[in-house]
Amino acid sequence: MNEQLDLTIGIESERYELFENPGYYFNFDRRDFIKAFGLGIVFIVPAARALAQQRGQGESGRGGSNERLPNDLGAWIHIDEDGGVTVFTGKVEVGQNTRTSLTQAVADELHVPIDSVHLVMGDTDLTPFDMGTFGSRSTPTMAPQLRKAAAAAREMLIAMAAEQLKVAPGDLRIVDARFLNHDKSKTLTLAEVAKGRKLVKVIPDDIAITQPKDWTIAGASARKVEAKNFVTGKHRYTSDIKREGMLYGKVVRPATFNATLVSVDTKAAEAMPGAKVVTDGNFIGVVAADQQTVTKAANAIAVDWKSPGQPSNAELFDLLRKTGTERRGGEGPRPQGSIVDVVNPPIGGGGSRPQGSIADGLAAADKKLEQTYTVQYIAHAPLEPRAAVAEWSGDQLTVWTGSQRPFGVRSELAEAFHISEDKVRVIVPDTGSGYGGKHTGECAVEAARLAKAAGKPVKLVWTREEEFTWAYFRPAGVIDIKSGVKNDGTLTAWEFHNYNSGAAGIQIKYDIPNTDIRVHQSNSPLRQGSYRGLAATANHFARESHIDELAHAVNIDPLEFRLKNIKDERLRDVLQAAAKSFGWGKAKPASGHGFGIACGFEKGGYIATCAEIAVEPPSDKEDKSNKRVRIVRVVEAFECGAVVNPLHLKNQIEGAITMAIGGALFESIQFENGKILNPHFASYRVPRFADSPAIEVVLVDRKDIPSAGAGETPIVGLAPAVANAIFNATGLRLRSLPLIPKGLTTG
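What you see is a predicted model, and the numbers here were worked out from it, not measured in a lab. (Residues numbered from 1 in each chain as written. Predicted model: local features only at pLDDT ≥ 70, side-chain atom pairs only at ≥ 80, totals over all residues. Heavy atoms only, no water.)

**What about the nonpolar core?**
Applicable threshold: Here, nonpolar core means buried Ala, Val, Leu, Ile, Met, Phe, Trp, Tyr and Cys residues that are tied together by side-chain atoms lying within 4.5 Å of each other. Note on classification: 1.4 Å probe, protein chains only; a residue is buried when its accessible area is under 20% of the maximum for its type, exposed when over 50%, partly exposed between these limits. Here a strand is any run of E in DSSP of at least two residues, a helix any run of H or I of at least four, and the numbering for each starts at the N terminus. Contacts are residue-level and defined by heavy atoms, with any inter-residue pair within 4.5 Å sufficient.
Grouped together as the largest cluster of nonpolar side chains are 140 residues, with contacts concentrated most on L413, I669 and L739. A total of 9 residues in this core trace back to one element, the largest contributor, which is helix α17 (residues 646-665). Ignoring any residue separated from it by four or fewer positions in sequence, one finds I669 in contact with N313, Q376, Y377, I378, A379, F468, F473, L526, I676, N678 and Y684. The next biggest cluster of nonpolar side chains, apart from the first, holds 42 residues, and it includes M121, A153, F179 and A194.

Quick look at the structure:
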C-alpha cells in the first residue's frame, strides 16, 4: 500500500482520466523481456533503482502504478557489432519531437553522430517501464536518465578500448564515434570495440553527466529525426498497420452519455455476409473484412438505450459552483461503471494554506475588486483519432495503438481480459498528436475484444464524431477572485477560488502578503481529464485578466504594475524580454487595435506574452451584428532553463500559441441532455490558417539551470493577453473563455 501511495504523490488533480474505473471488464475467463540482443554490449540500470527513479518522477495514475520490474527490464543502451547505438525508453513520440531531443542527449554524452543513434520508444516488451509521456516530464527526467546511461557507457567503452589498445583509459577520448589517444596514433571504432562481445554492464550511481555549458550536440538546432519518413508518408501510424488476415471493427455506441442497454436486435447485421457481431454486457461490436461492410452492419443493429435526464451547457457554471466542495487531497469513491459512465471521481484537491489575513489585506486596500471568470469544456481534436490494431496468439495479446501511456494501456488490457501483464504487449508507433487526450486505452480494449471474438487481428479506428463524443474533455471551470490594491499599485489581498477546472498553474509569483487560494472539486456533467497545460490555462486567464483590471483600476501601465509586484527575477526577465521585442510602451496601438500582456509560471517554465489584436467588420460568412477580432501579432518570451534544441523549441512554442487561439477565441463543446451537439469540425471551430498571427518567439536560454519541459507552459499566456488587448481596444472586459465564440458584441 505504501508503494502505491509513493507512486501517486504529486499527481495533478485534474488528471481525472487516470483514476477512472475500468471502461470494460469482460466476462470470460509478456512475453519474456528480450534476453538476447545478439553480439554487442548492453548497459542496464538495476531494477530496484529503476523503480525508485519512477517514484521520484511523481507521475502515476490507474494502470501501471503497481509495476513489478523483472530483473532485466532496466536495459537502456545497446552497442551492436556495427557500432550502432540503440536506446530504449518508455516515452513516446506524439509530435513534441522528444525522439530528437533524447537522441541529442545520448549522442552528446557518447560523442557519436546523431544518425548513429536509434531510439526504441513505447514498446512494453522492449523498453524500461515508464509512467507515461505527460506533465512535461520527458526533458527534465528522461533526458538526464539517458544521459547518465550514455555517460556510463562512454566511460566503460573507453576502458574497454584502452585495454585493446594497451593504453591508459585517461589517454583516450571518443570523437565522432572513434576512440583516439592523445596524438591520434592509435584509434578504434565503436564497432571494433563491440565486435565479438556479448557483455552486460551495470550503470553506476555516481556517473557525472555533461553540463549544458559543455554541450556540443544538444543546445544546437538539429533536424527532426526521421523527418523524411513523415513528410513522404513512409511513416506508419496505427491506422496504417496491416496484419495478415486482419479484419475491421466497429463499436455500436449508446445514444447518450450514462445510457444503459435495454435491448439489442442483431439479426439484420448477422445476416450480412462476412459480418460477425460481438456482444458482451453493454459492449456491442461488429467485425468484417472491410470498413464499408462493418459500418453497414453496425448501422443495421437495432438498439434500445435508456437515458437519464442530463444538464446542458446553458446551466453548466451554476452546476459546477453548486456541487463544488473544497478538497486538498485524497481520492474519493466512484461507482462501478463502463465507458459510458462519464461522471468523474472527486479526486485530489489543490490550492495552498492561506497566508496572512484577507480581511486585513482588503482593509489596507484603496481599491477592491471582485470578479468571476469562466472556462468552457474544449476537445483535444487530435489530427489522428484513436486507433488500435489488436492481435491474439493463444493467450498472448499484442496491440499497436497511439497512446501517451503504453504501460498504463497494458494494465487496462490485462485487467479487462483477466490475464497477467506479461501476456500483453503494447507498441506505440509515433502518434499523430495527443495533447493529453490519449492517456487511456479504451480503443485498444475494444479492438482486443473484437479480435478475441473473431480469432483474427482487428483494426479499429474511431471516427471524428466518436473522438469528439467519447474522449474526455479539458475541464470547464468557474473562478472567483477577490483582491485589494493600494493606489500606488501595491497588491494587498488575493482570494482565489477555482471550481472544477483544477490546480495546475494556480500558485502566484506576485508578492502579495495576504492570500487564500483554493480548488473546489465538482461533479462534472461531461467526462473530463488532462489537456495540454491542464488547468494552467484557466488559472492564468483568470489571474492575468484580473491583474490587468487592477492595473487599470489604479491607472498604472499593465507592464509596470506587474514588475512592481514581482520579485522573481526569472519572471521579470521574460516580461522584460517580451515587452522589449514587442515594443511595449513605445507607441500607442492604431485605431481599432489593442495591446495586451500576460505572464506566468508552470512546470519549471517562465512565460510572458504580448498580443496585438484588431477589431474589424465581420466577413461575409459571419454574423453581421458582431465584429471580428483578429489576432495580428504575438510575441512570447519563454525560459525553461537550458535550451536543448532552439529550432524545435520555437516550433513547440509556435504550435502552442496557434493551438491556444482556439480555446481563447471560439472553441467550446456544446451539449444537452447527454449528447454532444457539435461533434464535427464543421461545427466545432478550430484555428485555421486565416487565424494565424505573426508570431515572434524570444528564447531566454539559461545554461545555469537544468532544462524543464516545454510542451505545456507556452499555451497559457495567449488567452489573457488577447483578453487584455480586447479591453485595450474597446473598453470591453471579457471574462469567459472562449472570448468571442460568435464575434464581438460592442453595443
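After that view, the rundown keeps rolling.
**Quick look at the packing of helix α14 (residues 536-553) against helix α18 (residues 718-730)**
Cut-off, in case you're wondering: Fitted lines through C-alpha atoms serve as axes, helices being fitted only where they are in contact, and the angles separating the N-to-C directions of these axes extend from 0 to 180 degrees. Should the near helix be turned counterclockwise from the far one by less than a right angle, the crossing is left-handed, whereas a clockwise turn marks it as right-handed. For this classification, Asp, Glu, Lys and Arg are treated as charged, while Ala, Val, Leu, Ile, Met, Phe, Trp, Tyr, Cys and Pro are nonpolar and the rest, including Gly, are polar.
Axis separation between α14 and α18 bottoms out at 8 Å; the angle between their running directions is 30°. For the element pair α14 and α18, the recorded crossing hand is right-handed. Residues H540, F541, E544, S545, D548 and H552 of α14 lie in contact with α18, whose contacting residues are A719, P720, A723, N724 and F727. Here the residues of the contact of α14 with α18 sort into 5 nonpolar, 4 polar and 2 charged.

**Points about the pattern of salt bridges**
Note the threshold: In the sections that follow, a salt bridge refers to a side-chain nitrogen of Lys or Arg positioned within 4 Å of a carboxyl oxygen of Asp or Glu.
The final tally for this structure, using the stated rule, is 36 salt bridges. Where E391 meets R243, a salt bridge forms, and the shortest distance between an N and an O atom there is 2.6 Å. Taken as a pair, E391 in strand β16 (residues 387-393) and R243 in the loop between α6 (227-232) and β9 (247-251) lie far apart in primary sequence, 148 residues in all. By relative accessible area, which is 35% here, R243 ends up partly exposed. For the salt bridge of E616 with R628, the shortest nitrogen-to-oxygen distance reads 3.2 Å. Here E616 is found in strand β24 (residues 605-616), whereas its partner R628 is found in strand β25 (residues 628-639), with 12 residues between them in sequence.

**Re the environment of Y499**
In this structure, Y499 sits in strand β21 (residues 491-499). Owing to a relative accessible area of 13%, Y499 belongs among the buried residues under this scheme. Sequence separation between Y499 and V478 is 21 residues; the distance between their C-alpha atoms is 5.1 Å.

**A few points about the packing of aromatic side chains**
Heads up, the rule is: For Phe, Tyr and Trp, rings pair up if their centres lie within 6.5 Å, where Trp contributes its six-membered ring, and each pair is then called stacked (planes under 30 degrees apart), edge-to-face (over 60) or tilted (otherwise). A ring is scored as having a charge over it whenever the NZ atom of a lysine or the CZ atom of an arginine sits within 6 Å of its centre and within 35 degrees of its normal.
Counted according to the given criterion, the structure contains 13 aromatic pairs. Ring centres of F468 and Y684 lie 4.9 Å apart, and the angle between their planes is 50°; this geometry places the pair in the tilted category. Of the two residues, F468 sits in helix α13 (residues 464-470) while Y684 sits in the loop between β27 (675-676) and β28 (694-699), which places them 216 residues apart along the sequence. Classification of F468 as buried rests on a relative accessible area of 1%. A centroid spacing of 6.2 Å and a plane angle of 20° characterise the contact between W494 and F496, whose relative ring orientation is stacked. Judged on exposure class, the residue W494 and its partner F496 are both buried. Clustering of aromatic rings is evident, with ring pairs tying together Y377, F473 and F671. If you follow K452 out to its NZ or CZ, it ends over the ring of W392, 4.0 Å from the centre. Stacked on the ring of F601, the Lys or Arg K509 has its end atom at 4.3 Å from the ring centre.

**Side note on the environment of T98**
Here T98 is to be found in helix α3 (residues 98-110). Taking the C-alpha atoms as reference points, T98 and V225, separated by 127 residues in sequence, lie 9.6 Å from one another. Not counting chain neighbours up to four residues away, the residues in contact with T98 comprise V92, E93, M121 and S138.

**Focus: the sheet that holds strand β23 (residues 593-602)**
Two strands in a sheet stick together by hydrogen bonds in their backbones, pointing the same way (parallel) or opposite ways (antiparallel). Note the cut-off: Strand pairing follows a simple DSSP-based rule, namely that at least 2 bridges must link the two strands.
The mixed open sheet is built from 4 strands, whose spatial order is β23-β24-β25-β28. On the outer flanks of this sheet lie β23 and β28, each paired with one strand and no other. Strand-to-strand twist of the sheet, defined as the mean angle between neighbouring strand axes without regard to direction, takes the value 15°. Across 6 bridges, the pairing between β25 and β28 is parallel. The partner of V635 across the bridge, within β28, is E696. Strands β25 and β28 of the sheet are contacted by α17, whose axis makes an angle of about 130° with β28.

**With respect to helix α12 (residues 442-454)**
Operational definition: Residue count minus one, scaled by 1.5 Å, sets the expected span of a helix.
With 13 residues, α12 ought to run about 18 Å at 1.5 Å a step, and its terminal C-alpha atoms sit 18 Å apart, in line with that. Most of α12 is tucked away: 10 of the 13 residues are buried. Buried residues of α12: E442, C443, A444, V445, E446, A447, A448, R449, L450 and A451, and no others. Positive backbone phi, approximately 75°, marks G455, located one or two places after α12.

**Points about the sheet that holds strand β6 (residues 178-181)**
What the 3 strands build is an open sheet, ordered β5-β6-β7; its pairing is antiparallel. A strand with exactly one partner marks an edge of an open sheet, and here the two such strands are β5 (172-175) and β7 (187-189). For this sheet, the mean angle separating the axes of adjacent strands, direction not counted, is 25°. Bridging between β6 and β7 involves 3 bridges; their strand directions are antiparallel. Looking at the pairing, R178 lines up with T189 of β7. Against the sheet, helix α4 (residues 138-165) makes contact with β5, β6 and β7, and its axis sits at roughly 120° relative to β5, the strand it touches most.

**Comments concerning the confidence of the model for the protein**
Close inspection of predicted coordinates is inappropriate in any region flagged by low pLDDT. For clarity, the cut-off: Note: pLDDT gives the predictor's confidence per residue, expressed from 0 to 100.
Here the protein averages 88 in pLDDT, while 89% of its residues score no lower than 70. Confidence drops under pLDDT 50 across residues 1-10; counting only partners more than four residues distant or on other chains, this segment forms 12 contacts. Every residue in residues 327-349 scores below 50 in pLDDT, and together they form 78 contacts with partners more than four places removed in sequence or on other chains.

**Some details on the pairing of strand β2 (residues 75-80)**
Most of β2 is tucked away: 5 of the 6 residues are buried. Here strand β1 (residues 40-44) runs beside β2; their pairing, made up of 5 bridges, is antiparallel. The partner of G40 across the bridge, within β2, is D80. Of the strand pairs in this sheet, β2 and strand β3 (residues 85-89) are connected by 3 bridges, and their pairing is antiparallel. Bridging from a neighbouring strand, I79 pairs with V85 of β3. Between β2 and β3, which follow one another and run antiparallel, lie 4 residues, and G83 among them has a positive phi close to 90°.

**With respect to unusual backbone geometry**
Going from L737 to P738, the amide bond is cis rather than trans, its omega being 0°. By secondary structure assignment, the location of P738 is in the segment after β29 (736-737). The backbone of S433 shows a phi angle near 80°, a positive value even though the residue is not glycine. Summarising the element assignment, S433 is placed in the loop between β18 (424-427) and α12. Since its relative accessible area comes to 5%, S433 is described here as buried.

**With respect to the packing of α17 against α18**
Spelled out, the test is: If an angle is under 35 degrees, it is roughly parallel; if it is over 145, roughly antiparallel; if it lies from 65 to 115, roughly perpendicular; otherwise it is oblique.
At a minimum axis distance of 9 Å, the contact between α17 and α18 shows a crossing angle of 55°. Considering their axes alone, α17 and α18 lie oblique with respect to each other. Crossing of α17 over α18 shows right-handed handedness. Contact residues: α17 offers I657, A660, I661, A664 and L665, while α18 offers L718, A719 and V722. Taken together, the residues of the contact of α17 with α18 break down into 8 nonpolar, no polar and no charged.

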